[in-house]
Structure formats: structure tokens, C-alpha cells
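Working through the structure, step by step
So the chains spell out like this:
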Amino acid sequence: MKLLDRLFGRPEEINGGERCPTYLWRWTLLKTSWFKAYLHHFVGDDWSLDLHDHPKRFISIGLWGWYIEQTPCPMSSTCDCRKRIYSAPWIRSFPATHIHRLSVPSKNCWTLVIVLKTVREWGFWHKGQFIQWLEYVR
């Protein structure tokens, strides 16, 4: 990680605005006017138990490790979420409206993430209701 810090600068610590333990370290590898590339090191579960979406289309490339993704269970009254395990290597692409939550039991998963331009607000889904992220973290 020291080599990464030297090459790309100190990573961004993602911890819910210091409201929860750190669950992700993010290095910015490249920024252009139409996309950004990040190296993510997941060290814990998403801090919220609620599902969330994103403001941008994502392309995720699994480099090392694994995680469990929870997504809504469509058209079912018997389950809240589907769970699926993703083990590196993988390449996934999903729209900004993709609703999910990640848990990382191993506390060690590395991904290369490419995000495109912002297309919407992002937020969390609590009891089927969308809550804009800033309102949610308050």
C-alpha cells in the first residue's frame, strides 16, 4: 500500500463521514472529462444496512478477493434481498440505478472501478423509499 500511496497519493478513506468504521480505501488512478478510474480496497462491509444506488454507471473489475452483493428480490413477498458471491476475477457493468449493498467477510477485496459521468443523485433505499444520500447520513 505504501507503493500505491507513492504512485497515486494518499487514498480516500470511505467511512460514512466518520460515522462508521472504514470499509473502503480508494486511490484515484486517472481522471478525464468523461470517466474516472479508481483502485478500491474493501476492508469491511458497506456501513449502512440499507441498499444504495450510485450517481454514475460503474464498470467493476475484480482483481483479488471476493464479496457478497445483496440486491432487491424482485416480485417476491417472501424475501427482502438476493445474495450473490462474486470472486475475482470478474468484469461487471451496471447502471447508476443498480440497487445493492456489499459485504466483505474476508475484509480484503481489491477492484479496479471505472465510473462514467454523473447522471443522477444517489442515495439509499429504506423500506422501499429513496432517500438522497446527504439526507440519509444526517
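A few points on the structure.

Parameters at a glance
Residues numbered from 1 in each chain as written. Predicted model: local features only at pLDDT ≥ 70, side-chain atom pairs only at ≥ 80, totals over all residues. Heavy atoms only, no water. Helix = DSSP H or I, 4+ residues; strand = E, 2+ residues; numbered from the N terminus. Buried < 20%, exposed > 50% of the residue type's maximum accessible area, 1.4 Å probe, protein only. Contact = heavy atoms within 4.5 Å. Salt bridge = Lys/Arg side-chain N within 4 Å of Asp/Glu carboxyl O. Phe/Tyr/Trp six-rings, centres within 6.5 Å; stacked < 30°, edge-to-face > 60°. Lys NZ or Arg CZ within 6 Å of the ring centre and 35° of its normal. Pairing = 2+ DSSP bridges. Core = buried A, V, L, I, M, F, W, Y, C linked by side-chain atoms within 4.5 Å.

Here we look at the environment of Leu 51
Following the sequence through the fold, Leu 51 ends up in strand S4 (residues 51-52). Overall, the relative accessible area of 12% leaves Leu 51 in the buried class. Sequence-distant contacts of Leu 51, that is, excluding residues within four places in its chain, are made with Gln 70, Thr 71, Pro 72, Cys 81, Ile 99, His 100, Arg 101, Gly 123, Phe 124 and Trp 125.

A word on the pattern of salt bridges
One pass over the full model with this rule turns up four salt bridges. Across the salt bridge formed by Arg 26 and Glu 12, the nearest N and O atoms sit 2.7 Å from each other. Of this pair, Arg 26 sits in strand S2 (residues 24-31) while Glu 12 sits in strand S1 (residues 12-14), placing them 14 residues apart in sequence. For Glu 12, a relative accessible area of 40% gives the class partly exposed. For Asp 53, the salt bridge goes to Arg 120, with nearest N and O atoms at 3.0 Å. Here Arg 120 lies in the loop between strand S10 (109-118) and strand S11 (123-126) and Asp 53 lies in the loop between S4 and strand S5 (56-64), a separation of 67 residues in the sequence.

Some thoughts on the packing of aromatic side chains
One pass over the structure, following the stated rule, counts 13 aromatic pairs. Between the aromatic rings of Trp 122 and Phe 124, the centroid separation amounts to 5.5 Å while the plane-to-plane angle is 50°, which identifies the pairing as tilted. Against the face of Tyr 38 rests Arg 26, its NZ or CZ located 4.5 Å from the ring centre. Sitting above the plane of the Tyr 86 ring, Arg 92 keeps its charged end 3.9 Å from the centroid.

Examining the sheet that holds S11
Pairing is antiparallel in the open sheet, where three strands are placed in the order S4-S11-S12. At either margin of the open sheet sits one strand with a lone partner, and together these are S4 and strand S12 (129-132). Sheet topology places S4 next to S11; two bridges connect them, and they run antiparallel. Bridging from a neighbouring strand, His 52 pairs with Phe 124 of S11.

Re the nonpolar core
Formed by Ile 14, Cys 20, Tyr 23, Leu 24, Phe 42, Tyr 67, Tyr 86, Trp 90, Leu 102, Val 104 and Cys 109, the largest nonpolar core amounts to 11 residues. Val 104 has contacts with Phe 42, Gly 44, Asp 45, Trp 66, Tyr 67 and Cys 109, leaving out every residue within four places of it along the chain.

Section: the environment of Tyr 23
With respect to the secondary-structure elements, Tyr 23 resides in the loop between S1 and S2. Classification of Tyr 23 as buried rests on a relative accessible area of 11%. The spatial distance from the C-alpha of Tyr 23 to the C-alpha of Val 43 is 4.9 Å, given a sequence separation of 20 residues. In this structure, Tyr 23 is in contact with Ile 14, Asn 15, Gly 16, His 41, Phe 42, Val 43, Gly 44, Asp 45, Asp 46 and Trp 47, ignoring residues within four places of it in sequence.

Thoughts on unusual backbone geometry
Of note, the bond from Ala 88 into Pro 89 is cis; its omega dihedral lies within 30 degrees of zero at 5°. By secondary structure assignment, the location of Pro 89 is in the loop between strand S7 (81-87) and strand S8 (90-94). Positioned with a positive phi, Lys 107 is a non-glycine residue whose angle comes to about 60°. By secondary structure assignment, the location of Lys 107 is in the loop between strand S9 (101-103) and S10. Looking at Lys 107, the relative accessible area reads 41%, which means it is partly exposed. Phi angles above zero are rare outside glycine, and Lys 127 is one such case at about 50°. Tracing the chain through its elements places Lys 127 in the loop between S11 and S12.

Shape is all these values report; function is a separate question.
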